[in-house]
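# Breakdown of the fold
Chain residues, written in single-letter form:
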Amino acid sequence: MHAISNLDHIFTRQLNESKLNSDSCEEGTLTCDRNFQCDVNAVCEERNKIRKCYCNQGYTGDGLSCTRTAPPTDCYDVFTSDLPDGVYTIQPTGWAESPFQVYCNMSHGGGWTVSLVQLNCMHSFL
């Protein structure tokens, strides 16, 4: 048997007949003895008879807090993570080179990648 962290113990329930009716997942909230809001990059569901918040693919964490394991693929990927305008490191799908920085604009539907073609050294990107 492996050790379970205190946080896991708080919001994870081994499902059995006595707890099946009292534990629930609804709209990203896990309800046991208390309510827990899953991270925006997680889902509340049952897996292997354990109901808890699980991080989505491409994220790691305890379900209450999930961190991206790889750079976003584009600014729309950043937008869906509910982040503000700014400079982000992306790695487009199929791009074999290192990730690179771009400016992401989240206005007008969000997820716009702003690029600049530099013709001379007189203008900087930022």
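Residues numbered from 1 in each chain as written. Predicted model: local features only at pLDDT ≥ 70, side-chain atom pairs only at ≥ 80, totals over all residues. Heavy atoms only, no water.

An unreviewed UniProt entry lists the protein chain under the name Fibrinogen C domain-containing protein 1, with Holothuria leucospilota given as the organism.

## Brief notes about the pairing of strand β5 (residues 42–47)
With 6 bridges joining them, β5 and strand β6 (residues 50–55) adopt antiparallel strand pairing. From the neighbouring strand, Ala-42 faces β6, where its bridge partner is Cys-55. Here β5 folds back onto β6, and the loop between the two strands holds 2 residues, one of which, Asn-48, carries a positive phi near 50°. (Pairing = 2+ DSSP bridges. Helix = DSSP H or I, 4+ residues; strand = E, 2+ residues; numbered from the N terminus.)

## Some thoughts on the state of the cysteines
Under the counting rule described, the total for this entry stands at 3 disulfides. The residue that forms a disulfide with Cys-38 is Cys-53, at a sulfur-sulfur distance of 2.1 Å. Between Cys-38 and Cys-53, the S-S torsion sits near -75°, and that sign places the bridge as left-handed. In this pair, Cys-38 sits in the loop between β4 (35–37) and β5 while Cys-53 sits in strand β6, placing the two residues 15 residues apart along the sequence. Using a relative accessible area of 6% as the deciding quantity, one classes Cys-38 as buried. Here Cys-53 falls in the buried class, since its relative accessible area comes to 1%. With a sulfur-sulfur separation of 2.0 Å, Cys-75 is cross-linked through a disulfide to Cys-104. (Disulfide = S-S within 2.5 Å. Buried < 20%, exposed > 50% of the residue type's maximum accessible area, 1.4 Å probe, protein only.)

## With respect to the environment of Ser-81
Relative to the assigned elements, Ser-81 resides in the loop between α3 (75–79) and β9 (86–90). Linking Ser-81 and Val-40, residues 41 residues apart in sequence, is a C-alpha distance of 7.5 Å. Apart from residues no more than four positions distant in its own chain, Ser-81 is found in contact with Asn-41, Tyr-59 and Arg-68. (Contact = heavy atoms within 4.5 Å.)

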